[in-house]
Amino acid sequence: MLAAAELEPGEVLCTVPRSALLSQHTSSIQALLREGQESLQSQSGWVPLLLALLHEYTASNSHWQPYFSLWQDFRSLDHPMFWPEEERRRLLQGTGIPEAVEKDLANIHLEYSSIILPFMESHPNIFDPKLHTLELYKQLVAFVMAYSFQEPLEEEDEDEKGPNPPMMVPVADILNHVANHNANLEYSPQCLRMVTTQPISKGQEIFNTYGQMANWQLLHMYGFAEPYPSNTNDTADIQMVTVRAAALRRARSEAQQQLVSEQWDFLCQLEMVGEEGAFVLGWDEVLTEEELSVTLKVLCMSEEEFKEYKEQDSWEDDSEEEENLTLSNEALSRLKPPCKQLLYDSVLLTLESYGSDLKAEQDLLNNKEAYEKLSRREQQALHVRYGQKRILHQLLELVH
């Protein structure tokens, strides 16, 4: 969406009445979905909307046909879940995306076979598995990932209710995303409004925000990434088990290895770490600061210190002190030497998980001709890898 004239902050770009939203509550099969809601519960919470989309997309008399005509066949959706597995692994190894996609695909297959199919079979007058296939379902999942909106909960509902289900918002979903956006969507009881948040010049593109998204999340969920350095919300992960591996490598004796294992089990009990968790690093600070600072502190203790730490229950008093601790870049550079070394080793191990090094990617980005020869997928994957590696290399310098 481009500005046809100069715009001031606070101007309403478009108003979408709630009757124009496509959701499980506005679909022509809303009564059916309400009736079956018990059997349509799933991990994602998206099944009712997806069933509504399966029906409305294929019903020639659907109220939303003009909306769907913008997406003739969903082939423009190029999420990594549609890439061949070999290409996904090769281009995105180390970024966390291949693992996220594998989980998505497993969930899609499970939801389709255990929830969608039985529901369709019990309503043969509306659904036909030959038409409403797994392939179409997968495309609609990507469509919901990339184009749906989730209304934020009222503050008083945040603890009691799960998140609101997603919904499709015509017109508002035309806007692209950048971290430094100039418009956002506002919700009111009657309608939704897209409102400018910055002055916009004539001819300039109008950008919404999809939230504070790292490049790996943007590519995984929306099929694109922001070129460096525009994504100020970019992050890099250090897998929690990588820090354990770095600590075990440092352990000289069996007794020291045993100590690391005990410390790790203790951290698991404190719910500071888990086998599948990650420490998340931003450009200016660690976003999982309490988890990382407690983990480094505990894994760098001697046997005596660790014993004393557990016995005094000092970790309980500690939590208040930890809460005030922001692991900014400046704070990282002031960590105790053993903690710095453990973090340094963990970053090196993380960098080994990628299939390429920072210098090769820097050269590609600096060589316009070579960059333009890359396929779109190669370019997007390059932006994801490069941003993550820049954050990791910045951390290496801070703790060296």
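Quick note: structure is the one above.
Analysis parameters
- Residues numbered from 1 in each chain as written.
- Predicted model: local features only at pLDDT ≥ 70, side-chain atom pairs only at ≥ 80, totals over all residues.
- Heavy atoms only, no water.
- Helix = DSSP H or I, 4+ residues; strand = E, 2+ residues; numbered from the N terminus.
- Buried < 20%, exposed > 50% of the residue type's maximum accessible area, 1.4 Å probe, protein only.
- Lys, Arg positive; Asp, Glu negative; His and termini not counted.
- Salt bridge = Lys/Arg side-chain N within 4 Å of Asp/Glu carboxyl O.
- Contact = heavy atoms within 4.5 Å.
- Arc of directions from axis to C-beta.
- Core = buried A, V, L, I, M, F, W, Y, C linked by side-chain atoms within 4.5 Å.
- Pairing = 2+ DSSP bridges.

**Q** Even after reading the chapter, I still don't get the side chain of Asp-234, so can you show me in this structure?
**A** With respect to the element layout, Asp-234 can be found in the loop between helix H7 (215–222) and strand S8 (236–239). For the buried Asp-234, which has no salt bridge, the nearest side chain bearing the opposite charge is Arg-390, at an N-O separation of 9.8 Å. The residues touching Asp-234, leaving out its near neighbours within four places in the chain, are Ala-214, Asn-215, Leu-281, Gly-282, Trp-283, Gly-387, Gln-388 and Ile-391.

**Q** How should I be thinking about the pattern of salt bridges in this particular structure?
**A** Any two side chains of opposite charge can pair, so long as their charged atoms come close to each other. Per the stated rule, a full pass over the model turns up 15 salt bridges. In this structure, Asp-78 engages Arg-376 in a salt bridge whose closest nitrogen and oxygen atoms are separated by 3.9 Å. With a gap of 298 residues between them, Asp-78 in the loop between helix H3 (65–68) and helix H4 (85–92) and Arg-376 in helix H17 (residues 376–399) connect regions that are remote in the sequence. The partner of Asp-78 in a salt bridge is Arg-377, and the shortest N-O contact between them spans 2.8 Å. Here Asp-78 is found in the loop between H3 and H4, whereas its partner Arg-377 is found in helix H17, with 299 residues between them in sequence. Taken as a pair, Asp-78 and Arg-377 share a single burial class, namely buried.

**Q** Could you clarify how one ought to interpret H4 in this entry?
**A** One turn of the α-helix equals 3.6 residues, which is why residues spaced by three or four share an orientation. Among the residues of H4, those classed as buried are Glu-87, Arg-88, Leu-91 and Leu-92. The buried residues of H4 all sit within an arc of 100° when viewed along its axis, so they share a single face. Where H4 is buried, its residues contact helix H5 (97–121), H7 and H17. Residue Gly-94 follows H4 closely and has a positive phi angle near 90°.

**Q** Help me out: how do you make sense of the environment of Val-178 in this one?
**A** Among the secondary structure elements, Val-178 is positioned in the loop between strand S4 (176–177) and strand S5 (183–187). Overall, Val-178 belongs to the buried group, its relative accessible area being 17%. Residues Val-178 and Pro-337, spaced 159 residues apart in sequence, show a C-alpha to C-alpha distance of 38 Å. For Val-178, the residues in contact, after removing those within four places along its chain, are Phe-207, Asn-208 and Glu-226.

**Q** Looking at this model, I keep getting lost on the nonpolar core. Mind explaining?
**A** The nonpolar side chains of a soluble globular protein tend to be buried, and buried together. In terms of nonpolar packing, the biggest core is built from 55 residues, with Leu-51, Leu-53, Tyr-137 and Phe-143 touching the most fellow members. Counting residues per element, the ones that place at least two in this core are helix H1 (30–35), helix H2 (47–58), H3, H4, H5, helix H6 (134–147), H7 and H17. The dominant element in this core, judged by the number of residues it contributes, is H5, at 10 residues. Tyr-137 has contacts with Val-47, Leu-50, Leu-54, Ile-108, Glu-111, Tyr-112 and Ile-116, leaving out every residue within four places of it along the chain. Of all hydrophobic cores here, the second largest spans 43 residues; its members include Leu-259, Met-301, Val-347 and Leu-349.

**Q** Honestly, the pairing of S8 in this entry has me stumped. Any pointers?
**A** Along any regular strand the residues' side chains alternate between the sheet's two faces. Here S8 shows a clear split, with Ala-236 and Ile-238 buried on one side and none of Asp-237 and Gln-239 buried on the other. By the bridge criterion, 4 bridges tie S8 to strand S9 (residues 278–281) in an arrangement that is antiparallel. Following the sheet pairing, Ala-236 is matched in S9 by Leu-281.

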